[in-house]
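Read off the chains here:
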Amino acid sequence: MTALVIGGGPAGLMAAEALLDAGISVELAEAKPSLGRKLLMAGKSGLNLSKMQDREAFLSAYGPCRADLEPMLTAFGPDEVRAWAEDLGQSCFIGSSGRLYPEVMKASPLLRAWMARLADKGLIHHTRWRWTGWQGDALRFETPDGIELRTPEVTVLALGGASWARLGSDGAWASWLGADLPLAPFGPSNAGLVIQWSDHMAKHFGTPLKNICLSAGDLSQRGEVVISARGLEGGGLYPLTPALRDGHALHIDLFPDLTHAALTARLAKPRGKQSLSNHLRKALRLSPQVMALIMEVARPLPSEPDALAQLLKALPLPFDGLRPMDEAISTAGGVPFAEMTAGLMLNARQGVFCAGEMLDWEAPTGGYLLTACLATGLWAGQNAARFLNG
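Residues numbered from 1 in each chain as written. Predicted model: local features only at pLDDT ≥ 70, side-chain atom pairs only at ≥ 80, totals over all residues. Heavy atoms only, no water.

Participant: Please set out the packing of helix α9 (residues 260–267) against helix α10 (residues 276–284) residue by residue, giving values where relevant.
Facilitator: The contact between α9 and α10 brings their axes to 9 Å, and the two run at 120 degrees. In this view, α9 runs oblique relative to α10, as classed from their interaxial angle. Considering the relative orientation of α9 and α10, their crossing is right-handed. For the pair formed by α9 and α10, the contact residues are L263, R266 and L267 on the first element and H279, L280, A283 and L284 on the second. Of the residues contributing to the contact of α9 with α10, the split by class is five nonpolar, one polar and one charged. (Axes fitted to C-alpha atoms, helices over the stretch in contact; angles between N-to-C directions. Helix = DSSP H or I, 4+ residues; strand = E, 2+ residues; numbered from the N terminus. Parallel < 35°, antiparallel > 145°, perpendicular 65-115°, else oblique. Left-handed = near helix turned anticlockwise from the far one by under 90°. Contact = heavy atoms within 4.5 Å. Nonpolar A, V, L, I, M, F, W, Y, C, P; charged D, E, K, R; others polar.)

Participant: Kindly report on the sheet that holds strand β12 (residues 193–194), identifying the contributing residues and their values.
Facilitator: Strand pairing within a sheet occurs via backbone hydrogen bonds; the two strands may be parallel or antiparallel. If you trace the six strands from one edge of the open sheet to the other, you get β12-β15-β14-β13-β16-β17, paired in antiparallel fashion. Among the strands making up the open sheet, the edge pair consists of β12 and β17 (315–316). The pairing of strand β14 (residues 219–228) with strand β15 (residues 231–233) spans three bridges and is antiparallel. Bridge assignment links V226 to a residue of β15, and that residue is E233. (Pairing = 2+ DSSP bridges.)

Participant: So what's going on with the sheet that holds strand β19 (residues 352–354)? Residues and values would help.
Facilitator: Read across the open sheet, the five strands follow the order β6-β2-β1-β10-β19; overall the sheet is parallel. The two strands at the open ends of the sheet, each matched to only one other strand, are β6 (124–127) and β19. The sheet shows a mean angle of 20 degrees between the axes of neighbouring strands, direction not considered. Here strand β1 (residues 2–6) pairs with strand β10 (residues 154–157) via four bridges, running parallel.

Participant: I'd like a rundown of the nonpolar core, residues and numbers included.
Facilitator: In this structure, L19, L49, Y62, W84, V335 and W361 are the most contacted members of the largest nonpolar core, which totals 82 residues. Looking at this core, the element that brings in the most residues is helix α13 (residues 368–388), giving twelve residues. Setting aside anything within four residues of it in sequence, one finds W84 in contact with M14, L49, F76, L110, W114, R117 and L374. In terms of nonpolar packing, the next biggest core, distinct from the first, is built from 43 residues, L193, L209, M295 and L315 among them. (Core = buried A, V, L, I, M, F, W, Y, C linked by side-chain atoms within 4.5 Å. Buried < 20%, exposed > 50% of the residue type's maximum accessible area, 1.4 Å probe, protein only.)

Participant: I'd like to hear about the layout of surface pockets, residue by residue, with values.
Facilitator: Of the volumes computed, that of the second largest pocket is approximately 700 Å³. Contributing to the lining of the second largest pocket are 37 residues, with A61, P239, P242, A363 and P364 lying nearest its centre. Among the secondary structure elements, those contributing two or more residues to the lining of the second largest pocket are β14 and α8 (241–245). Per-element tally for the lining of the second largest pocket: the top contributor is β14, with six residues. Residue composition of the lining of the second largest pocket, grouped by class: 15 nonpolar, 13 polar and nine charged. (1 Å grid on protein atoms, 1.4 Å probe; cavity = no way out; pocket = protein on both sides within 12 Å on 5 of 7 lines; lining within 4 Å. Points joined across faces, edges and corners; volume = space filled by probe spheres on them.)

Participant: Before we move on, could you go through the side chain of S163 and cite the residues and values that matter?
Facilitator: Positionally, S163 belongs in the loop between β10 and α7 (174–177). There is a polar contact of 3.4 Å between the side chain of S163 and the side chain of K38. Of note is the side chain of S163, whose polar atom sits 3.2 Å from the backbone oxygen of A328. Those residues in contact with S163, other than ones at most four positions away along the chain, are K38, S169, M325, D326, A328, I329, S330 and T331. (Polar contact = N/O pair within 3.5 Å; in protein donor to acceptor, adjacent residues only side chain to side chain.)

Participant: For the packing of aromatic side chains, give the residues involved together with the corresponding values.
Facilitator: For any pair of aromatic rings, the description rests on two quantities: the centre-to-centre distance and the angle between the ring planes. One pass over the full model with this rule turns up eleven aromatic pairs. Relative to Y62, the ring of F58 lies with its centre 5.6 Å away and its plane at 65 degrees, an arrangement referred to as edge-to-face. In terms of burial, F58 and Y62 fall into one category: buried. Note on W84 and W114: the rings are 4.9 Å apart at their centroids and 80 degrees apart in plane angle, and the pair reads as edge-to-face. Here the residue W84 occupies a position in helix α5 (residues 78–87), and W114 occupies one in helix α6 (residues 108–120), the gap between them amounting to 30 residues. (Phe/Tyr/Trp six-rings, centres within 6.5 Å; stacked < 30°, edge-to-face > 60°.)

Participant: Could you give an account of the side chain of T331, naming the residues involved and the relevant values?
Facilitator: Along the chain, T331 turns up in strand β18 (residues 330–334). A polar atom in the side chain of T331 sits 3.2 Å from the backbone nitrogen of A162. Filtering out sequence-adjacent residues up to four positions away, T331 remains in contact with G161, A162, S163, F186, G187, S189, M325, E357, W361 and E362.

Participant: Requested: an account of the pairing of β18, with residues and values cited.
Facilitator: For β18, a buried count of five out of five residues is recorded, marking the element as mostly surrounded by other parts of the structure. In the sheet, strand β11 (residues 184–189) pairs with β18 via four bridges, with the strands oriented antiparallel. Each residue of the ladder has a partner; that of S189, found in β18, is S330.

Participant: Would you mind going over helix α11 (residues 288–298) in detail, with residue names and values included?
Facilitator: Residues that lie three or four places apart on an α-helix share one face, since the helix turns once every 3.6 residues. Burial of α11 is extensive: eight of the eleven residues sit out of reach of the surface. Packing partners of the buried residues in α11 comprise β13 (208–216), β14, β16 (251–253), α10, α12 (305–313) and β17.

Written out as structure tokens, the structure reads:
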């Protein structure tokens, strides 16, 4: 029995291993010159494998797509990710935020060990094989040696989303797969904001806003963001992308640990001959970048302590949209779960399974993205093997 996996990222490699473990011959095709390019890029800043937390908190991070992903994340969640990495010789540790990392922090040792294990199991893989759709019943590839056609008994598509095209996720597959089924439109996820700052903000580019709470629509997130020349970015912002993408306004609570009343009391102290801005800066011990942000978006400041406290607890931050999709860490949109069986096989194409970021789901950074890619890849591979075995 033969299987073809298209896509050499975490989801594709996990699907390939599941098929190999079931005794099925696997051929893997990757469009780029090497495998796992986005995984390696993620590892440059410390490879965040997963998030070690209680089951309910972990699953809730997946928002509206939780119900669809829950069986897969239950079968292969944070504990299984850790065991998988350690089976590949990568000892792990849990950071103060609960994030799981390999001790070496990099992705390259893990990927090398994984590829060696897959080779020992018999994986055949090709690079620079770009899938361009179907030619009759065959899958058509553009390769350095010309056109190649394949007619496997089962196929797993793990083609990625539509961000970071230079790493392989360009979403080009949607143009031909969309002829078979309705796809959810792509949109940026875990993306920075575009803000046209005035000149006086330039000296604060690269500085963080710490210990704040951001909110948009029904979503809120405590964390840290960075003021950049192009706007705002950072882990405290990224979980709000779904609401920001839908057009909700962004507000920042600069003092999430203080009640409105406590903040008002501090601001109500006599300021003497100080200007309101100096009084505000000294009374609340504001950092230069926070003071600059307040003056950037909220002048003239209200003089009444109560109104000023209200402003600082919900500072409105106008923006001009999200950064372009190719700059986003991940994307929303893709193949809807309604167009697949519970085993991730396309209803429209018998024997074709999908996995990874090409599915219509999104999650914040912090290990959730990689865990779901691994989990859906394993699920698709296991169900493809079951399909072949009758």
